Amino acid sequence: MLSIAEKDHGTPAATATATVTLEIDGRTVTVPEGTSVLRAAADNGSAIPKLCATETLTAFGSCRLCLVEIEGRKGYPASCTTPVAAGMKVKTQTPALGRLRRNVMELYISDHPLDCLTCPTNGHCELQDMAGSVGLREVRYGYDGANHRNAVKDESNPYFTFDPSKCIVCSRCVRACDEVQGTFALTIQGRGFDSKVAAGQNESFLGSECVSCGACVQACPTATLTENSLIELGQAQRSVVTTCAYCGVGCSFRAEMKGEELVRMVPNLDGQANHGHSCVKGRFALGYATHRDRVTTPMIRSRISEAWQPVSWETAIAHVAAEFRRIQAAHGKHSVGGITSSRCTNEETYLVQKLVRAAFGTNNVDTCARVCHSPTGYGLKQTLGESAGTQDFDSVMQADVVLVIGANPTDGHPVFASRLKQRLRQGAKLIVIDPRRIDLVRAPHVQAAHHLKLRPGTNVAVLNALAHVIVTEGLVDEAFVAARCEAPAFAKWRAFVAQERNSPEALQAETGVDAAALRAAARLYATGGNAAIYYGLGVTEHSQGSTAVMGIANLAMATGNLGRIGVGVNPLRGQNNVQGSCDMGSFPHEFPGYRHVSDTAVRQSFEAAWGVPLHDEPGLRIPNMFEAALDGSFRGLYIEGEDIAQSDPNTQHVTAALSAMECVVVQDLFLNETAKYAHVFLPGSSFLEKDGTFTNAERRISRVRKVMAPKAGYADWEITQLIAQALGYPMHYTHPSQIMDEIAALTPTFAGVSFDRIDRLGSIQWPCNDDQPDGTPTLHVDAFVRGKGKFMLTEYVPTPEKVTARFPLLLTTGRILSQYNVGAQTRRTPNVLWHDEDRLELHPHDAEERGIRDGDWVGVESRAGDTVLRARITDRLQPGVVYTTFHFPGSGANVVTTENSDWATNCPEYKVTAVQITRVSQPSDWQRRHQAFTETQLDLLGAARAAAD
Ligand code: SF4
Ligand code: SF4
Ligand code: SF4
Ligand code: FES
């Protein structure tokens, strides 16, 4: 059911600009052509009873409750399936309609348990509402005959319950699963009285194809499909619109609250990124926010072998300030730094980089985007002039060809994937470039036209080969290139990609991609109409990540697929605020808005606003901080909301660097892997506990709104401010809106952004300024941000990570639907029911060669280290390639990944590690050490907690 604050208009809004005028209950109304009579009536004050219709789904016309009388038409048409017509005269309330509707309701109610007072949706049930609306006063049919009131509940899903005794077989759930989510997990089985909703082939919800998105729960008008939290806590009292803190789709939700307790998250119909849809994480996986593992008391210790001492906020903050000043006095001001988080708000991220630059006096600030999308920032800036995706998500509905490279949207960006699948079901063509057979390649009613199953590490070669076909087969959009791009750079690029060594045939042996298939894919991309590219970490996390991003931009420019709706270059951002953390000046070489620290005018504007001189040279990137820590020149690190000990490559190198530092300050919800190496723990706040904004992959800035008080007393921005004050640097914000005002004053692309304006518009896609006061859905419309687009040469340089006889397989890593990043959040929710461990996927051929069976423990050894995982044998992978996730710290996936990184940005090459796999019977040495270390650290935490109690 909808949120308590939402109104259901009955059928989807019509998009036509032409209008139709008709008469409803004697009133003249004008609505867009294609509007249903039901919606036209609802929008104009005549609510017609309905059950099977809802605003998010195509009308179906099965319940017969929405009947109306239309002058000149026989019978009683269903208003939900009848479009308006000019001059139509509709009556929505007559004695005959009243009788018919009561009869329909009587039949429904005669087979419905009348336990309204104890029903979880009491007071918020459409069946109940409709019974009242039609004036049902008696049910003439007894309950003695056959009925469904003893049908057995399905409670297999951890987040919602299916109680078929309450089902009215309206099929809203089935249609939601098909139309909105695109999983097609539900069917109506049987006919007449025997018809019933079934998941899969009569399986439990958990055992079926269901991905637990909750669209069916939201669509259900009765208590048949109900959130378990609602069953447990009862109806909410208020709702607050906020933004999901998981992936870069940035779904908008109504957080329904009862006092300080979160009852449920309902995707917001007005959400401009998600239009009322969500995935399992954003809707259901919220338990981490109140999990018992949360540390809510500040703690300090001198050495990581010592017990934590719980202390007051004042003591903890004073300790941090004293330690950082001590270290800087002894080792220079550049001996400390900070790491911002893509999980925190823009305002918090901005404050951390301000703290580092203004109060620490160094540019040693970096962010977790270093290890994911830093090549996007670099590559798109070089070619197009702006470090961000070019479109909004809705743009995909006008794409004719969609090229997905190095991304797995159904798992990583599920709500965008649902939208993409809608477009593919309408007939758009799909090209997938990925070493694995991701779900999109073959989904219900979706089949990729081409799946180019390349070898990991050969993206640039494949992109060059695609460009070669476009250039040599005369498929370049010459007019676009001549008008919009730098001619000399294009000429060089054209000559470069046209070389025979860049042909699909010449590169086939290297890439593993069939030349004919690649040629066909290139032709489709170049000639199939509006063509849009969506890419992810499978592009960026390579030694040539930045080159591949530039290769993508080159393709889009060469074919004229930029600057309008339906096309573009779209990085799918992993975490909720990756775009924002980059925008906010988290990189050591850039102020907010991607302006270099050496730019005197820009630097002076910040110096004037912040009241201190600022350093004009880039500071250390995260990997450089590790190197400097190991050589003794970097000794203090403030980390807000990141877990570098789990997320960064070559874990042993990272932990050695952390161990070498004198003061590691971790601000987080949990004692994460990094905090086990920390000297100060500052308890952070979840997104439910603070105000601010997140910026999603569309550059869309959306509000995060506080729905409960911070569990440890402070929101993260307040903690940063306290540290600044303790260091003697003034920060006196009383609300994050003031921080945004400062960002807007200092950052041209954010000049028009304010909390007031976001509240008024719902969200804003930057740039937002005097020229674009409502934001910019599509970039580069008449000209590129840099003026003329610049083709960049993209020479393919094979990764140094080579397979050899000792390491004959290539390991690549990724995310799956139930998991989020390093798992700090999702591991503390029932999402672990779907995957309770990281598995090593390998092809049956590779498994057989090594005598490995499904479920065996296997050792994974690389040049960096080794670990042990359980094997899953699957033909999703090609022979020679293995895959794992990195959700559980004990898996040690990043013990194996190497320090190879992107030449331009140091983004680690997570996607290519040469490994050997062998059957083993016990954990690796690292895993044993990690287990022992973890136990010790948890004991030290336990002692602190006992002391605090
Ligand atoms: S489960 Fe709900 S939505 Fe689905 S058919 Fe039954 S009543 Fe309708
Ligand atoms: S939760 Fe989502 S995937 Fe599962 S049955 Fe419902 S709509 Fe389909
Ligand atoms: S798709 Fe992403 S933003 Fe939307 S609910 Fe899921 S995790 Fe949250
Ligand atoms: S609402 Fe129109 S037939 Fe059910």
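Whatever comes next refers back to the structure up there.
Residues numbered from 1 in each chain as written. Chains lettered and ligands numbered in written order. Predicted model: local features only at pLDDT ≥ 70, side-chain atom pairs only at ≥ 80, totals over all residues. Heavy atoms only, no water.

Attention shifts here to the overall build of the protein chain. Looking only at helices and strands, the protein chain has 30 helices and 36 strands in total. Relative to a compact globule of 949 residues, whose C-alpha radius of gyration would be 30 Å, the protein chain shows 29 Å and is just as compact. The proportion of buried residues among the 949 residues of the protein chain is 63%. Considering only residue pairs separated by 6 or more positions, the protein chain has 73% of its internal contacts joining residues 24 or more positions apart. As displayed, the protein chain offers around 32,700 Å² of accessible surface, 50% of which is attributable to carbon and sulfur atoms. Counting 91 positive and 102 negative side-chain charges, the protein chain places the centres of these two groups 3 Å from one another. (Helix = DSSP H or I, 4+ residues; strand = E, 2+ residues; numbered from the N terminus. Rg over C-alpha atoms; globule rule 2.2 N^0.38 Å. Buried < 20%, exposed > 50% of the residue type's maximum accessible area, 1.4 Å probe, protein only. Contact = heavy atoms within 4.5 Å. Areas by Shrake-Rupley, 256 points an atom, 1.4 Å probe, with all protein chains shown as cover. Lys, Arg positive; Asp, Glu negative; His and termini not counted. Charge placed at Lys NZ, Arg CZ, Asp CG, Glu CD.)

For the rest of this paragraph, the subject is the nonpolar core. Ranked by size, the top nonpolar core spans 70 residues in total, and within it L186, F205, L225, L430 and F687 carry the most contacts. Those residues in contact with L430 that sit more than four places away from it in its chain are V402, V404, L424, L440, V446, A448, A449 and H450. In this structure, A359, A369, L727 and C768 belong to the second largest nonpolar core, which totals 61 residues. (Core = buried A, V, L, I, M, F, W, Y, C linked by side-chain atoms within 4.5 Å.)

Moving on: the state of the cysteines. Within the structure shown, the criterion is met by 0 disulfides. Cysteine C663 shares no disulfide, and the gap to the nearest cysteine sulfur, in C344, comes to 19 Å. (Disulfide = S-S within 2.5 Å.)

The next thing to look at is the site of ligand 3. Taken together, the neighbourhood of ligand 3 is formed by C244, Y246, C247, V249, G250, C251, F253, C279, G282, P414 and V415. When the residues that make up the shell around ligand 3 are grouped by side-chain class, the tally is 9 nonpolar, 2 polar and no charged. (Near = heavy atom within 4 Å. Nonpolar A, V, L, I, M, F, W, Y, C, P; charged D, E, K, R; others polar.)

Here the focus is the site of ligand 1. Of all residues adjacent to ligand 1, which total 14 residues, the nearest are C167, C170, S171, C173 and C220. Of the residues assigned to the shell around ligand 1, the class counts are 10 nonpolar, 3 polar and 1 charged.

Time to look at the sheet that holds strand 12 (residues 299-300). Taken together, 7 strands build an open sheet; the order of strands is 13-12-27-26-25-14-15 and the sheet is mixed. The sheet terminates laterally at strand 13 (309-310) and strand 15 (365-367), the two strands that pair on one side only. By the bridge criterion, 5 bridges tie strand 25 (residues 636-640) to strand 26 (residues 663-668) in an arrangement that is parallel. By the bridge assignment for strand 26, G636 is matched with C663. Taken strand by strand, helix 8 (residues 313-331) contacts strand 12, strand 14 (336-340), strand 25, strand 26 and strand 27 (680-683), and its axis lies near 135° from that of strand 27. (Pairing = 2+ DSSP bridges. Axes fitted to C-alpha atoms, helices over the stretch in contact; angles between N-to-C directions.)

For the rest of this paragraph, the subject is the sheet that holds strand 1 (residues 19-24). Across the sheet, 4 strands lie side by side as 2-1-4-3; this open sheet has mixed pairing. Two strands close off the open sheet at either side, each with one partner strand: strand 2 (27-32) and strand 3 (69-70). Bridging between strand 1 and strand 4 (residues 89-91) involves 2 bridges; their strand directions are parallel. Its bridge partner lying in strand 4, I24 is registered against V90.

We now examine the packing of aromatic side chains. The tally for this structure, following the rule as stated, stands at 22 aromatic pairs. Look at F606 and W610: their rings are 4.9 Å apart centre to centre, the planes differ by 70°, and that puts the pair in the edge-to-face class. You can see F606 and its partner W610 sitting in helix 21 (residues 600-610), 4 residues apart, about one turn around the helix. Summarising the burial analysis for this pair, F606 and W610 share the class buried. An aromatic cluster of at least three residues, connected via ring pairs, comprises Y159, F160, F162, F205, F284 and W834. The positively charged end of R436 is found above the aromatic ring belonging to Y883, 3.7 Å away from the centroid. It is R828 that lies over the ring of F670; its NZ or CZ is 3.8 Å from the centre. (Phe/Tyr/Trp six-rings, centres within 6.5 Å; stacked < 30°, edge-to-face > 60°. Lys NZ or Arg CZ within 6 Å of the ring centre and 35° of its normal.)

Following W766, the chain continues into P767 via a peptide bond in cis, with omega recorded as 0°. On the secondary structure map, P767 appears in the loop between strand 30 (764-765) and strand 31 (809-813). Positioned with a positive phi, R64 is a non-glycine residue whose angle comes to about 65°.

Looking now at the pattern of salt bridges. Applying the stated criterion to the full structure yields 45 salt bridges. Between E689 and R294 there is a salt bridge, and its shortest N-O distance comes to 2.5 Å. Of this pair, E689 sits in the loop between strand 27 and strand 28 (692-695) while R294 sits in the loop between helix 7 (280-284) and strand 12, and the two are 395 residues apart along the sequence. Given a relative accessible area of 0%, E689 falls into the buried group. Between R876 and D439 there is a salt bridge, and its shortest N-O distance comes to 2.5 Å. In this pair, R876 is assigned in the loop between strand 34 (866-873) and strand 35 (881-884) and D439 in the loop between strand 17 (429-433) and strand 18 (442-443), connecting sequence segments 437 residues apart. Of the residues examined, D439 reaches a relative accessible area of 32% and is grouped as partly exposed. Overlapping salt bridges, with partners in common, bring together D8, K50, E126 and R172 in one network. (Salt bridge = Lys/Arg side-chain N within 4 Å of Asp/Glu carboxyl O.)

Regarding helix 21, the residues found buried are V602, R603, F606 and W610. Projection of helix 21 onto a plane perpendicular to its axis shows the buried side chains occupying an angular sector of 95°, all on one side. Of the exposed residues in helix 21, the ones pointing more than 90 degrees away from its buried face are A601 and A608. The inward-facing, buried residues of helix 21 contact helix 9 (346-360), strand 23 (590-591), strand 24 (595-596) and helix 26 (736-746). The distance from a side-chain oxygen at the start of helix 21 to the backbone nitrogen of A601 is 3.2 Å, and the residue carrying that oxygen is D599. The first or second residue beyond helix 21 is G611, which carries a positive phi of 75°. (Arc of directions from axis to C-beta. Polar contact = N/O pair within 3.5 Å; in protein donor to acceptor, adjacent residues only side chain to side chain.)

Working note: a packed helix pair is described by the angle between its axes plus the distance between those axes. At a minimum axis distance of 10 Å, the contact between helix 13 (residues 459-472) and helix 16 (residues 504-511) shows a crossing angle of 165°. Viewed along their axes, helix 13 and helix 16 adopt a mutual orientation that is roughly antiparallel. Note on packing geometry: the crossing formed by helix 13 with helix 16 is left-handed. Residues A461, V462, A465, H468 and V469 of helix 13 form the contact with helix 16, whose participating residues are P504, L507 and T511. Classifying every residue of the contact of helix 13 with helix 16 by side-chain character gives 6 nonpolar, 2 polar and no charged. (Parallel < 35°, antiparallel > 145°, perpendicular 65-115°, else oblique. Left-handed = near helix turned anticlockwise from the far one by under 90°.)

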